[in-house]
Amino acid sequence: MTVSPLPYPLRLTGTGVILREWRWEDLDDLVALLDEPGIARWTLMPSPFDVEAGLAYLRRAQQGRIGGSRIQLAITADGGPPLGEVLLFNVHSEGHEAELGYLVGLPFRRRGLATAALSLLTGYAFDALGLRRLLLRIDRGNTASTSVARRCGYRPAAEPPIQQDGPYGPATLDTWEYLENRSGPQDDRRKNVAARRYGRR
Ligand SMILES: CC(C)(COP(=O)(O)OP(=O)(O)OC[C@H]1O[C@@H](n2cnc3c(N)ncnc32)[C@H](O)[C@@H]1OP(=O)(O)O)[C@@H](O)C(=O)NCCC(=O)NCCS
């Protein structure tokens, strides 16, 4: 079973984070999170990221959510202010595949938030949506992101690299995958990695 359209609204709780829908009141926090060179460098987000960009971003997120084509959730500690974002998009129902992405605001990094959010959405995509192959496209220079992917049980896929031109010059994106047949030990690992970060089992 692959759910189509994707469920909306959605609130996912576990691994020490709450993933919730974006709200219009998040605009100032969103701009503060995304107006940062590290985000622009690795995600090709507009830079500078101003209020106008923020409004367009929230509008597009809402369209994608209501239309059921993507999951795009704010990462929060307790359902309050957004600390980052995690997404699921490019769903191919026939192949039971989708792509995921994530970012965390500069002041909130190195606390396990990306690991927790990716773990939670990966689990949801498998258990609730019936997806069987999840993909990440990561610039091979982005060590923070490849570490997060690895921690969540993703592995480099046997796919040719994707060449992309951006404001920082040519980039090479590698594909990382999370597969159904890893759902034994990897699944436990997915749950435990983030739980350990928050002192829970
Ligand atoms: C990549 C990103 C989402 C990681 O978010 P995060 O919440 O800091 O990640 P975590 O805290 O879950 O990190 C897990 C592990 O990844 C590794 N890691 C994270 N940031 C790192 C960095 N800057 N350098 C090296 N390793 C890093 C570490 O091993 C870390 O564990 P540790 O803190 O115990 O050492 C964040 O750096 C970011 O938003 N970057 C810009 C946007 C981006 O690159 N998005 C991904 C596009 S593919």
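An unreviewed UniProt entry lists the protein under the name GNAT family N-acetyltransferase, from Actinoplanes subglobosus.

A. Layout of the site of the ligand. With respect to spatial proximity, 21 residues lie near the ligand, and among them V104, R110, G112, T115 and N142 are the closest. One nitrogen or oxygen atom from the side chain of N142 is found 2.7 Å from an oxygen atom belonging to the ligand. Secondary-structure elements contributing two or more residues to the shell around the ligand are α2 (37-43), β5 (97-104), α4 (113-127) and α5 (143-151). Considering each element in turn, the shell around the ligand owes the most residues, five residues, to α5. Grouping the constituent residues of the shell around the ligand by class yields eight nonpolar, seven polar and six charged.

B. Spotlight on the environment of S147. With respect to the helices, strands and loops of the structure, S147 is situated in helix α5. Overall, S147 belongs to the partly exposed group, its relative accessible area being 39%. Along the backbone, S147 and T115 are 32 residues apart, and their C-alpha atoms lie at a distance of 8.9 Å. A distance of 2.8 Å separates a polar side-chain atom of S147 from the backbone oxygen of T143.

C. Expanded view of the packing of aromatic side chains. Scanning all chains against the criterion turns up three aromatic pairs. Between F49 and Y57, the ring centres sit 5.9 Å apart and the planes meet at 80 degrees, which makes this aromatic pair edge-to-face. The residues F49 and Y57 share a single accessibility class, namely buried. Arranged with centres 5.2 Å apart and planes meeting at 75 degrees, the rings of F126 and Y178 form a pair that is edge-to-face. With F126 in helix α4 and Y178 in strand β9 (residues 169-179), this residue pair connects regions lying 52 residues apart in the sequence. The buried category is assigned to F126, whose relative accessible area is 5%.

Reading guide: rules and limits
Residues numbered from 1 in each chain as written. Predicted model: local features only at pLDDT ≥ 70, side-chain atom pairs only at ≥ 80, totals over all residues. Heavy atoms only, no water. Near = heavy atom within 4 Å. Polar contact = N/O pair within 3.5 Å; in protein donor to acceptor, adjacent residues only side chain to side chain. Helix = DSSP H or I, 4+ residues; strand = E, 2+ residues; numbered from the N terminus. Nonpolar A, V, L, I, M, F, W, Y, C, P; charged D, E, K, R; others polar. Buried < 20%, exposed > 50% of the residue type's maximum accessible area, 1.4 Å probe, protein only. Phe/Tyr/Trp six-rings, centres within 6.5 Å; stacked < 30°, edge-to-face > 60°.

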